[in-house]
Amino acid sequence: MRRAIAACAGLLVVAACTQTRPPKSELSAVSGQITYRERMALPDTARVELQILDVTDEEADPTLVSEKLIEAPGQVPIAFSIGYDPRAIDPNHTYALRAKIRVGDDLWFASSFDVRVLTGGNPTRVEVLLDQISAGAPIARRDARIDDPDPPNLDGRVRAVREEARAIDARLDRYDMREITEGPTQLRLWVDQDRPVKLEVADASPAARPSSYYFRDGRLFWMRSQTGGYAFDGEQLVVRTDGKLTPMTDPGSGTVVLRELGSQLALFGL
């Protein structure tokens, strides 16, 4: 009788373990391709980091559902498949895929916004377009400005703030990132001890190009959008440009930009 009871207990333990960790054949997957705009090659030391996250509570840190590391992924487009336990998915929750490409300790590329997956009519197969974060190696520096190149004879004041903004982009992975979706608008804020470092604001459309706000000591110094740029010193507008980064003869006060920025930061409680 004791042997029978011990055998049953052992079977129960095995069954419980089986329920906790399903075999790979019972896992589902999010799959697709990763790419980026820049015409540059990845070195053999590159790696892709993938995460599926529960982002239902916008006020809390996301909950990790699954993660995967792809070593030496080759060149874009990079095919991927990341498994997850379907029993861990709540149909009433919101889930997102995040993708990054690192080389060594440097973050080279990252998705601008979380890619919604799994629930709420969102897909399990996605195309992920990454933005360049850091130039990294010399091959990257050669093409780093293709997407938003400096025009000839760029005004020195504009050149200075753009170089400072690029330096911030190169170290974004050192800061905490918060994300909010407000209607069709997605906002991503990087902070250093609750002081803003960079804010990106864009429509949810994958083709949308974000407006980017950069901060020095928590205060806005450069705002860039498709229609122009604004360089500030404190709350004083120094120079305003058109979409081609040419300084405008009547720059205005920049009050509208500061007022809109205040409303956007208020969404994050700042």
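Owing to the predicted nature of the structure, the values given are computational and were not obtained by experimental measurement. (Residues numbered from 1 in each chain as written. Predicted model: local features only at pLDDT ≥ 70, side-chain atom pairs only at ≥ 80, totals over all residues. Heavy atoms only, no water.)

Q: Whenever I open this one, the nonpolar core confuses me. Can you help?
A: Within soluble globular proteins, side chains that are nonpolar generally end up buried alongside one another. One finds V30, I34, L50, F80, L97, I101 and V128 to be the most contacted residues of the largest nonpolar core, which totals 28 residues. Going through the elements one at a time, β1 (28–36), β2 (46–54), β4 (78–84), β5 (95–103), β6 (106–111), β7 (115–117) and β8 (125–132) are the ones with two or more residues in this core. The element contributing the most residues to this core is β5, with 5 residues. If you look at the next biggest cluster of nonpolar residues, it comprises 18 residues, including I133, L154, V158 and W190. (Core = buried A, V, L, I, M, F, W, Y, C linked by side-chain atoms within 4.5 Å. Buried < 20%, exposed > 50% of the residue type's maximum accessible area, 1.4 Å probe, protein only. Helix = DSSP H or I, 4+ residues; strand = E, 2+ residues; numbered from the N terminus.)

Q: I would appreciate a short explanation of helix α4 (residues 255–266) in the present structure.
A: Turn by turn, an α-helix covers 3.6 residues, leaving residues three or four places apart pointing in a common direction. Between its terminal C-alpha atoms α4 stretches 16 Å, which fits the 16 Å expected from 12 residues at 1.5 Å a residue. For α4, every residue scored as buried is listed here: V257, L261, Q264 and L265. The buried side chains of α4 occupy one side of the element, clustering within an arc of 95° when seen end-on. (Expected span 1.5 Å × (residues − 1). Arc of directions from axis to C-beta.)

Q: Any chance you could explain the packing of aromatic side chains here in plain terms?
A: By convention here, two paired aromatic rings are described through the distance between centres and the angle between planes. Scanning all chains against the criterion turns up 3 aromatic pairs. Ring centres 6.5 Å apart and planes at 45° place the aromatic pair Y214 and F221 in the tilted group. Neither Y214 nor F221 differs from the other in exposure class; each is buried. Their ring planes at 15° and their centres at 6.4 Å tell us that Y230 and F232 sit as a pair that is stacked. Its end group placed over the ring of W190, K198 keeps NZ or CZ at 5.7 Å from the ring centre. When the ring centre of F221 is taken as reference, the NZ or CZ atom of R216 above it lies at 4.6 Å. (Phe/Tyr/Trp six-rings, centres within 6.5 Å; stacked < 30°, edge-to-face > 60°. Lys NZ or Arg CZ within 6 Å of the ring centre and 35° of its normal.)

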